[in-house]
Amino acid sequence: MTQLDQLKLSGQLPSPRGVALAVLELSRRDNATLGEIARVVQTDPALSGRLIKLANTASHIARPVVSVQEAVVRQGMSTVRQLALGFSLLDQYRNGACAAFDYQEYWSHSLLMALSLQALGARVHVAAADELFICGLLAQVGRLALATAYPAEYDAVLRAHRTDPSQSPITLERSRLEIDHIELGIVMMTDWGMPRVFTIPLAHYQDPEYTGFPHDSRANSLMLMLRLSHRLADLALGSTDGRTQLAREWMTLATELDLPQESAGGFIDEVIAQWHDWGALLKIPTSVLPPFAEITHGGAAVSDDEATLRIIVADGNAFTRRKIMALLVEDSGHVVYPADNGNTALALAMEVLPHVIIAHINLPRLDGLELCQALRATDEGRRMHILLMSDEHAEDQLARAYEAGADGYAHSTLSAKSLRTRLCAAQRLLQLQNAWERDRAQLRQIAAELAVANRRLANAALTDSLTGLPNRRSAMDQLEQAWSAASRAEAPLAVMAVDIDHFKHINDTYGHALGDKVLREAASALRASSRREDSVCRIGGEEFLVICPNTDLAAAAQSAERLRAALGARRISVGQAECTITASIGVAIREDDTADIDGLVSAADQALYAAKEAGRNQVCTQRRRPAAAATPQYGNP
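Residues numbered from 1 in each chain as written. Predicted model: local features only at pLDDT ≥ 70, side-chain atom pairs only at ≥ 80, totals over all residues. Heavy atoms only, no water.

Points about the sheet that holds strand E12 (residues 619–621)
As a general point, the strands of a sheet are linked pairwise by backbone hydrogen bonds and lie either parallel or antiparallel. Heads up, the rule is: Strand pairing follows a simple DSSP-based rule, namely that at least 2 bridges must link the two strands. Note on conventions: DSSP H or I runs of at least 4 residues are helices, E runs of at least 2 residues are strands, and numbering of each starts at the N terminus. Axis lines are fitted through C-alpha atoms, for helices just across the contact stretch, and the angle between N-to-C directions can take any value from 0 to 180 degrees.
Taken in spatial order, the five strands make up an open sheet running E7-E8-E6-E11-E12, and their pairing is mixed. Two strands in the sheet have a free side with no partner beyond their single neighbour: strand E7 (535–540) and E12. Pairs of neighbouring strands in the sheet enclose a mean axial angle of 20 degrees, with direction left out of account. Sheet topology places E7 next to strand E8 (residues 543–549); five bridges connect them, and they run antiparallel. In the strand pairing of E8, Ser-535 is matched with Ile-547.

Quick look at the nonpolar core
Our working definition: To define a nonpolar core, start from buried Ala, Val, Leu, Ile, Met, Phe, Trp, Tyr and Cys residues and group those joined through side-chain atoms within 4.5 Å. Accessibility here uses a 1.4 Å probe with only protein chains present; expressed as a share of the type maximum, an area under 20% marks a residue as buried, one over 50% as exposed, and anything in between as partly exposed. Any two residues having at least one pair of non-hydrogen atoms within 4.5 Å are treated as being in contact.
Ranked by size, the top nonpolar core spans 111 residues in total, and within it Phe-101, Trp-107, Phe-133, Leu-138, Tyr-154 and Trp-250 carry the most contacts. Setting aside chain neighbours within four positions, we find Trp-107 in contact with Gly-86, Leu-89, Leu-90, Tyr-93, Arg-94, Leu-137, Leu-144 and Ile-284. In terms of nonpolar packing, the next biggest core, distinct from the first, is built from 31 residues, Ile-506, Leu-526, Cys-548 and Ile-572 among them.

Considering the side chain of Asp-499
This is how the line gets drawn: In the analysis that follows, any N or O atom pair within 3.5 Å is treated as a polar contact, provided that within protein one partner can donate a hydrogen and the other can accept it, and provided that, for residues neighboring in sequence, both atoms belong to side chains.
Looking at the secondary structure, you find Asp-499 in strand E6 (residues 493–500). Of note is the side chain of Asp-499, whose polar atom sits 2.7 Å from the side chain of Lys-612.

Considering the pairing of E8
Where burial is concerned, most of E8 is hidden: five out of the seven residues are buried. Pairing of E6 with E8, which is carried by seven bridges, proceeds in the antiparallel orientation. Within the sheet, the bridge partner assigned to Ala-494 lies in E8 and is Cys-548. Where E7 folds back onto E8 in an antiparallel hairpin, the turn is made up of two residues, including Gly-541, whose phi is positive at roughly 55 degrees.

Section: the packing of aromatic side chains
The following threshold applies: To pair, rings of Phe, Tyr and Trp, with the six-membered ring standing in for Trp, must have centres within 6.5 Å; the planes then decide the type, stacked if under 30 degrees apart, edge-to-face if over 60, and tilted in the middle. Only lysine NZ and arginine CZ atoms are considered, and such an atom sits over a ring when it is within 6 Å of the ring centre and within 35 degrees of the ring normal.
Inspection of every chain in the model, using the stated rule, returns nine aromatic pairs. Chaining the aromatic ring pairs together yields one cluster made of Phe-101, Tyr-103, Tyr-106, Trp-107 and Tyr-154. Seen from the ring of Trp-278, Lys-53 lies directly overhead, with NZ or CZ sitting 5.2 Å from the centre. Just above the ring of Trp-483 sits the side chain of Arg-590; from NZ or CZ to the centre is 5.2 Å.

Bear in mind that shape data such as this cannot, by itself, settle questions of function.
Shown next as structure tokens:
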């Protein structure tokens, strides 16, 4: 039996309790209804308030959600189940037995990830806002699980990582616990019903080098959003010194999602404000941050010409160590750090990341050869110029020094001139590294610009160039998503088929220039008069489609009549005269016998034909007679 199987059977993993457990069990029944879910949720005032707040935060509808029943219907059974689970875990595991695991910081980080992911979802439309919130809240749940199931062992893992940050946490977890937090978290979320569309990006987003998803795929967008959200949480909870660099990295990564840098400050400041608001509600500590514009104001990079080096001098002999340090600071701007043994030198190297290490081969505790080998085993250490010194010139010692990875070997009595000469190699290495970093940054920028261009091309492929509305392809994609959401939430779904009356006559009489103007005016009127949650699309010629989520037939017919009246009120100038736009509208809703989205659109088209046959400029609903009748109005100039 694997370690993972043992954990699942042990009952030691974090799990929901109380109302959340009741919601989880109820939702697994085939005949469960949203009304039953809402009645269970109402027994927990704290959970009820949180769901209502989240429904209002995520909703674009002007009318606020005020009841648990409405919040549950709007969010759907699956989302409510997972939100209840996430909030239950938060309330239960605010503290624990793992001493090195900061439970409060964990939840603060997770909350900020959730809010950031939700806010990014409003700009990159890949999933519902509520689903993104719970995805961010549970993204790191594997860490909480390890701290809960293995408090002593995970304490040792965390302390080992803090002592030697060069060791990957995942590597330490696997070596000591035979499982890592990513694998465990994905298994737990899968068991809780988290869709694969989220768990697959969650499995890879912490690997910065992973590029296995197609660039324009939903999975790739989610992975980038998770990386941005995690980076923002790191920035908010990290040290002040590192914030400027993290902020710049965030802005660079954000360009891959076509998020303009000029709006980054407002976006982050808004998310941080929501973090403070939710932190007060959930009793989670948050950090006070300066405005993002102030965070990003940092110093410029050091130029190659300045040639200032960070140097560690490691020697157990205090006299020799001070002598070399004096030679280094004389007539130079080098920053020098002393170390009297190999262990101190290694820890200092991981902290200050020096350009050069000058170490005596016979260092106490960890000798020069062992120090060199330990540094070369890390990514950071491979970039350092290491000069080993000895009190004697033995060929076997020289050979062992270079075999250990040293860049140079010298006698401990070397002169100031000889030392400066040897540092020239380190300065050239620094210049090459800086040039390489600039080239790499330029390549990243080119890649980011290419990603933006590709995303804009993808958006262009989904947009009607004349009206700026979503085109037919986008309309069908949006209708498919609305159909799925309505099925999950058992909510109504309506569509309107809108056709501009006598459009061919307009083109034939006044030319295509006026025809295009009529289409633009019609698109503007439909967009301005439709409800906030509705989606208006142009599906071809003079035909438009309006998608109305969570809308029954009566409400859709009323909305259609409002659109028809708004179109009729438009006046288009033609020379010294004016003409009027009118439209026929067919309305249909998803019924039990509606097979798919094609059937729904076909029903709306049939209602549209009925409106035209009845004299145009009116609204007809499926299986019903015209809701209004009027004489077609078209003013000839």
